[in-house]
Amino acid sequence: MNKILLKFLKLNEKVTIPSYQTEGAAGMDLCAFLETPLTLKPSERKLVPTGLKMELPKGYEAQVRPRSGMSIKHGITLINCVGTIDEDYRGELCVPVVNLSNKEFTINNGDRIAQMIISPVTKADIEVVQEL
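## Considerations on the layout of surface pockets
Its volume calculated, the largest pocket comes out at about 550 Å³. Contributing to the lining of the largest pocket are 17 residues, with Met1, Asn2, Lys3, Ile4 and Tyr20 lying nearest its centre. Tallying contributions element by element places strand S11 (residues 112-120) first for the lining of the largest pocket, with 4 residues. Tallied by class, residues from the lining of the largest pocket come to 11 nonpolar, 4 polar and 2 charged. Quantified by volume, the second largest pocket comes out at close to 180 Å³. Forming the boundary of the second largest pocket are 13 residues, of which Thr84, Ile85, Tyr89, Leu93 and Cys94 lie nearest the centre. Counting residues per element, the ones that place at least two in the lining of the second largest pocket are strand S8 (83-85) and strand S9 (94-99). A class-by-class count of the residues in the lining of the second largest pocket yields 8 nonpolar, 3 polar and 2 charged.

## Considering the sheet that holds strand S7 (residues 76-78)
The strand order across the open sheet formed by 3 strands is S4-S9-S7, and the pairing between neighbours is antiparallel. Looking at strand neighbours, the two that pair on one side only are strand S4 (45-49) and S7, the edges of this open sheet. The sheet shows a mean angle of 40° between the axes of neighbouring strands, direction not considered.

## Notes on the environment of proline 49
Counting through the fold element by element, proline 49 comes out in strand S4. The class for proline 49 is partly exposed, based on a relative accessible area of 21%. With sequence-adjacent residues up to four places away left out, proline 49 is seen in contact with Cys31, Ala32, Phe33, Leu34, Glu92, Leu93 and Cys94.

## Some words on the side chain of aspartate 29
Here aspartate 29 lies in strand S2 (residues 28-31). On the basis of relative accessibility, which here comes to 7%, the residue aspartate 29 falls in the buried class.

## Observations regarding the nonpolar core
One finds Met54, Ile85, Val95, Val97, Ile107 and Met116 to be the most contacted residues of the largest nonpolar core, which totals 28 residues. Among the secondary structure elements, those contributing two or more residues to this core are S2, strand S3 (38-40), strand S5 (52-55), strand S6 (60-65), S7, S9, strand S10 (105-107) and S11. Once residues within four sequence positions are removed from consideration, isoleucine 85 is found in contact with Met54, Leu56, Glu61, Ala62, Val64, Leu93 and Met116.

## Concerning the environment of lysine 73
By the secondary structure assignment, lysine 73 is in helix H1 (residues 68-74). Judged by its relative accessible area of 66%, lysine 73 falls in the exposed class. When the C-alpha positions of lysine 73 and serine 101 are compared, they lie 9.5 Å apart, and in sequence the two are 28 residues distant.

## Focus on the pattern of salt bridges
Scanning all chains against the criterion turns up 4 salt bridges. Of the charged contacts, one joins lysine 46 and glutamate 44 as a salt bridge, the two residues approaching to 3.6 Å between their closest N and O atoms. Accessibility expressed as a relative area gives 31% for lysine 46, which makes it partly exposed. Exposure remark for glutamate 44: the relative accessible area of 22% places this residue in the partly exposed category. Among the charged side chains, a network of salt bridges with common partners joins Asp29, Arg67 and Arg112.

About the criteria used
Residues numbered from 1 in each chain as written. Predicted model: local features only at pLDDT ≥ 70, side-chain atom pairs only at ≥ 80, totals over all residues. Heavy atoms only, no water. 1 Å grid on protein atoms, 1.4 Å probe; cavity = no way out; pocket = protein on both sides within 12 Å on 5 of 7 lines; lining within 4 Å. Points joined across faces, edges and corners; volume = space filled by probe spheres on them. Helix = DSSP H or I, 4+ residues; strand = E, 2+ residues; numbered from the N terminus. Nonpolar A, V, L, I, M, F, W, Y, C, P; charged D, E, K, R; others polar. Pairing = 2+ DSSP bridges. Axes fitted to C-alpha atoms, helices over the stretch in contact; angles between N-to-C directions. Buried < 20%, exposed > 50% of the residue type's maximum accessible area, 1.4 Å probe, protein only. Contact = heavy atoms within 4.5 Å. Core = buried A, V, L, I, M, F, W, Y, C linked by side-chain atoms within 4.5 Å. Salt bridge = Lys/Arg side-chain N within 4 Å of Asp/Glu carboxyl O.

Below you can see the structure in the form of structure tokens.
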């Protein structure tokens, strides 16, 4: 297992830093940072803040993915399925969620709303050819 250093900037002292919930977990949980609970109506989309900024090492990306428990139990998933955070992004990490159920769902401060995977990036050189 490879390890890298991730640097986080908390926008508030009460922000929850992402963490791995088990020794074998590939993804670390991202938590909502909300001043008041956020209720999603059926089919409604919202951007949920985490209160964090992050610095990735050169040559890495972060992938933000839905949490399977929220998806299957409550119909809450990510609008873009998997979001990519590039190594040079320095804005607040926010999670675009959608309620696919037919019931309202409330996200509270500190709720685990997504998981984040850190992956190395491979870039391709492009060659246009006449035949493959």
